[in-house]
Amino acid sequence: MPKINKYVDIDTVEREAKKDLIDRHSPFIHCAETAKQGEPFEVTVKMGNEYTHPDDFDHYIESVSLFNGETLLAKATYVPGTLGNVKAHNTTTFTVIPTGKKLNLVAHGYCTKHGIWEGTPVEVAVEA
């Protein structure tokens, strides 16, 4: 089982280099607080909040995965150079169909140099 690095609030970190490393590798979930059961629901995962991740051929975000608890909902994979020379955040929007009473969303990003990173979980209420 590979090690999963977990997001730490960078406001609590003193060294700028460590803030950069943590932020650029962490997936941040952006979505509405509520969803309707059985209807398409968009969830955007953005790699890094303040710092962008490189998109070099030997160091890039290879994939972004979205989970509901331990269940994989969706996964996007990338080839190096997808973002070109633009200094931009890797941003992926998934569309899922909610079931149950809530979603416990967790995102993972895989960096080819620094491994798997997990962001802060987001709970979404699902209305009938």
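Before reading further, recall that the structure is shown in the block above.
Residues numbered from 1 in each chain as written. Predicted model: local features only at pLDDT ≥ 70, side-chain atom pairs only at ≥ 80, totals over all residues. Heavy atoms only, no water.

K.L.:
Go over the pattern of salt bridges with me, naming the residues and quoting the values.
P.N.:
Between side chains of opposite charge, a pair can form when the charged atoms approach closely. Summed over all chains, the structure comprises three salt bridges. Measuring nitrogen to oxygen at the nearest pair gives 2.4 Å for the salt bridge that ties Arg24 to Asp20. Within this pair, Arg24 and its partner Asp20 are both found in helix α1 (residues 16-25), separated by four residues, close to a single helical turn. Both residues of the pair, Arg24 and Asp20, count as buried. (Salt bridge = Lys/Arg side-chain N within 4 Å of Asp/Glu carboxyl O. Helix = DSSP H or I, 4+ residues; strand = E, 2+ residues; numbered from the N terminus. Buried < 20%, exposed > 50% of the residue type's maximum accessible area, 1.4 Å probe, protein only.)

K.L.:
If you had to explain the pairing of strand β7 (residues 91-96) to someone new, which residues and values would you point to?
P.N.:
Residues Thr92, Phe94 and Val96 line the buried face of β7, whereas the alternating positions Thr91, Thr93 and Thr95 sit on a face that is not buried. Where strand β4 (residues 41-47) lies against β7, six bridges are found, and the strand directions are antiparallel. Along β7, the bridge assignment pairs Glu42 with Thr95. (Pairing = 2+ DSSP bridges.)

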